[in-house]
Amino acid sequence: MGSKVISRAKDFFNILRFLQDEKGSDPHTYEEDIQILKINGRKITAVSMYCGDQTIFLCEKLVPKICESDDHPITETSNCDGDDDANDSVSVLQTELGPQPLTIMKARQLLSFYTLSQNASVSAVDNNPALHPLWVRCDMSDPAGTTWLGAETVCVGSKVTGVKLYSVTCKGSTVDKKSLITLEELKQEHKKKHHPSSVSENAATFNLFGSTIVENTAIESKSSVTVDFKWSHVESIFEIPPLSSTATLNIKVASGEMRSPMFEMYRELEFLQTLADGLRTGETEWMEPLENTSAVNLTKAYLEGNCIGKSDAPIFNTFLERGDLDFVEQLWVRMRKSVTSYQDIGDCLKLVTEALRYGDIKPWIHRDSSSSLSKLILQSYHQQIDHVSLTGVTPVNMLLEMGLDKMRKDYINYLIGEELTTLNHLCYYLSTEVDLQEQVVRLRKLHHLLEIILTCRTFLALPYDKLFLLTQSCLQHYKTSPYDEEHEFKLQIKPALISSFYQKEHPVLWGVEVSSGNGPREVRTALQLSDRPLVDHVIFETDYSDETVNGDSDDPAFFSTMVCCSLVNFA
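None of the values given here were measured: they were computed from a predicted structure. (Residues numbered from 1 in each chain as written. Predicted model: local features only at pLDDT ≥ 70, side-chain atom pairs only at ≥ 80, totals over all residues. Heavy atoms only, no water.)

### Here we look at the overall build of the protein
Inference 1: Tallying secondary structure elements over the protein gives 16 helices and 17 strands in all.
Inference 2: The buried share of the protein, taken over its 571 residues, is 47%.
Inference 3: For the protein, the share of sequence-separated contacts (at least 6 apart) that also reach a separation of at least 24 residues comes to 68%.
Inference 4: For the protein, the accessible area works out to roughly 29300 Å², and carbon and sulfur atoms hold 49% of it. (Helix = DSSP H or I, 4+ residues; strand = E, 2+ residues; numbered from the N terminus. Buried < 20%, exposed > 50% of the residue type's maximum accessible area, 1.4 Å probe, protein only. Contact = heavy atoms within 4.5 Å. Areas by Shrake-Rupley, 256 points an atom, 1.4 Å probe, with all protein chains shown as cover.)

Shown next, in the form of structure tokens:
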């Protein structure tokens, strides 16, 4: 019997080792109904405090493929045939199932295989190299309500000397704080397995900006600013983080939200992106014009009455308003709000080039303007204008250059004017040496940076020194990273700067840890209280009262998650 168990442990080890050495992250099927994934531990909320950014193995129940036709009920099969519509339905059904847990008994068996395979003192098992940590989804069917079981190796040098075993137990949400475990009870729970102990770390997360509820109406937002606090010497559950805490802002901002101070600039950027996409794909989905007057008539009126001397004040108000829009920039503003076809663009630019050629206008432009139309204007000062064939994609290229030139100046004007950076630090974003498509990408990065900065300035009232640091961080990030609105920017901050935002609010996550030992042999017992479940593969019961459901109670409901750890030493 023992040799059979050890043999199965070796087989399990060989699979994990193969996955560990493999560069890809494709799932592997084990024993027909178990799926093993190799993922980043940060992706699993309930266990991320122990996994961090390291790679882990995740075991869960294999979700069967589901097929459904008009003539047959839903069936489980290894291969689904049918047309594309049927496949789409299957995909939706599979998505709805979500991740599935294993039984507690099967999870414990997998952890025993993992532990045996790492124990060099077991005669039939070689001195194997350390594996990534293993975490198994559980179905919460035991009395403790276990949702995860985990294991990770303890090493001295390259030698595996033991294994840490973890269990994650959960309880459904409650608004009754008296029913939650107390700090003293948590310490006693830890002392049942370990001694001596101390409260090692406390943490809390608050929402500062994001989705909100106004007059019982939810306003959804893809943007969020949360703050993570860490401190020691906690006295009670749900203690408010003291001003001596370490605080880190997590900033994720989506462009294009109507409440953003950058919304008007975003609409301008949208039109610019439309032009770039049209050049790239050959197809253009024109935006609804914001002007009732046609683009050609707007351009004619502009040439007839607004082109002598320096430019007028801006005719469209934006957060980054400049009072020095030149001729080309004001033409861009009019055209981007009125053109609805390539013909419009060609006709408008033809009117302008002819007016320049015949000396009807002598417009003023910025010295550092780099667009093709600006160069023609400079030539017109000397009555020598190159012939420009306004056919094909040339007019679109010219308009795109005008927009890039204008919007870059808008962003520079704000960043330099607020002393958040210098021109030297903006060289990457302002370069015209790369092609137009890449220039648009870099402009989008610069726009996203400003969305982040202005969100923190407008809604959080962050001081100059913090905005400066955040600007440098964003500029540095986007020099080497692709455009990504899902990226969270981090900023260390003093709690006093945002105390008015969190001290009267409820946390979305509050946690405390009790620990014993140190280094690789440290063991911890942790409690996390959250406004939503930290586990996505089980359905939780709630004890909401009628008054809470109706929204008459100010007390939020919290889910309870406890993580316990034990250390197994190998002889």
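What follows continues from the structure just given.
### Topic: the pairing of strand β16 (residues 523–530)
Inference 1: Within β16, eight of the eight residues are buried, which leaves the element mostly enclosed by the surrounding structure.
Inference 2: The two faces of β16 match: V523, T525, L527 and L529 on one face and R524, A526, Q528 and S530 on the other face are all buried.
Inference 3: Relative to β16, strand β15 (residues 509–516) runs antiparallel, the two being bridged by eight bridges. Opposite L509, over in β16, you have S530 as the bridge partner.
Inference 4: Hairpin remark: β15 followed by β16, antiparallel, with six residues in the connecting loop; positive phi at G517, about 75°.
Inference 5: Bridge analysis of β16 against strand β17 (residues 558–569) gives five bridges, and the strand direction is antiparallel. Note that in β17 the partner of A526 across the bridge is V563. (Pairing = 2+ DSSP bridges.)

### Describing the environment of E285
Inference 1: Mapped onto the elements, E285 comes out in the loop between α6 (263–281) and α7 (295–305).
Inference 2: Residue classification places E285 among the exposed residues on the basis of a relative accessible area of 75%.
Inference 3: Taking C-alpha positions, E285 is 9.1 Å from T340, a pair spaced 55 residues apart along the chain.

### As for the packing of helix α9 (residues 342–357) against helix α11 (residues 394–417)
Inference 1: Two elements in contact, α9 and α11, have axes whose closest approach is 9 Å; the angle formed by their N-to-C orientations is 75°. As the angle between them shows, α9 and α11 are arranged roughly perpendicular. Contacts between α9 and α11 involve Y342, I345, G346 and L349 on the former and, on the latter, P395, V396, M398, L399 and M402.
Inference 2: Within the contact of α9 with α11, the residues separate by chemical class into eight nonpolar, one polar and no charged. (Axes fitted to C-alpha atoms, helices over the stretch in contact; angles between N-to-C directions. Parallel < 35°, antiparallel > 145°, perpendicular 65-115°, else oblique. Nonpolar A, V, L, I, M, F, W, Y, C, P; charged D, E, K, R; others polar.)

### As for the pattern of salt bridges
Inference 1: In the structure shown here, the tally under the stated rule is 23 salt bridges.
Inference 2: Put simply, K106 and E31 hold a salt bridge, and the shortest N to O gap is 3.0 Å. Residue K106 is found in helix α4 (residues 104–118), and its partner E31 is found in the loop between β1 (28–30) and β2 (34–40); the two are separated by 75 residues along the sequence.
Inference 3: With a relative accessible area of 32%, E31 lands in the partly exposed category.
Inference 4: Note that E268 and K406 form a salt bridge whose closest N and O atoms lie 2.9 Å from each other. Here K406 lies in helix α11 and E268 lies in helix α6, a separation of 138 residues in the sequence.
Inference 5: Judged by relative accessible area, which is 2%, E268 ranks as buried. (Salt bridge = Lys/Arg side-chain N within 4 Å of Asp/Glu carboxyl O.)

### Side note on the packing of aromatic side chains
Inference 1: Applying the stated rule across the entire model yields 20 aromatic pairs.
Inference 2: With a centroid separation of 5.8 Å and an interplanar angle of 70°, the aromatic rings of F540 and F559 are classed as edge-to-face. With F540 in the loop between β16 and α16 (546–549) and F559 in strand β17, this residue pair connects regions lying 19 residues apart in the sequence.
Inference 3: On the accessibility criterion, F559 (8% relative accessible area) is buried. (Phe/Tyr/Trp six-rings, centres within 6.5 Å; stacked < 30°, edge-to-face > 60°.)

### Some points on a nonpolar patch on the surface
Inference 1: On the surface, Y464, F468 and L469 cluster together into a nonpolar patch covering about 280 Å² of accessible area.
Inference 2: In this structure, Y464 sits in helix α14 (residues 464–480). (Patch = residues over 30% accessible without salt bridge, like charges linked within 9 Å, V, L, I, M, F, W, Y side chains within 5 Å.)

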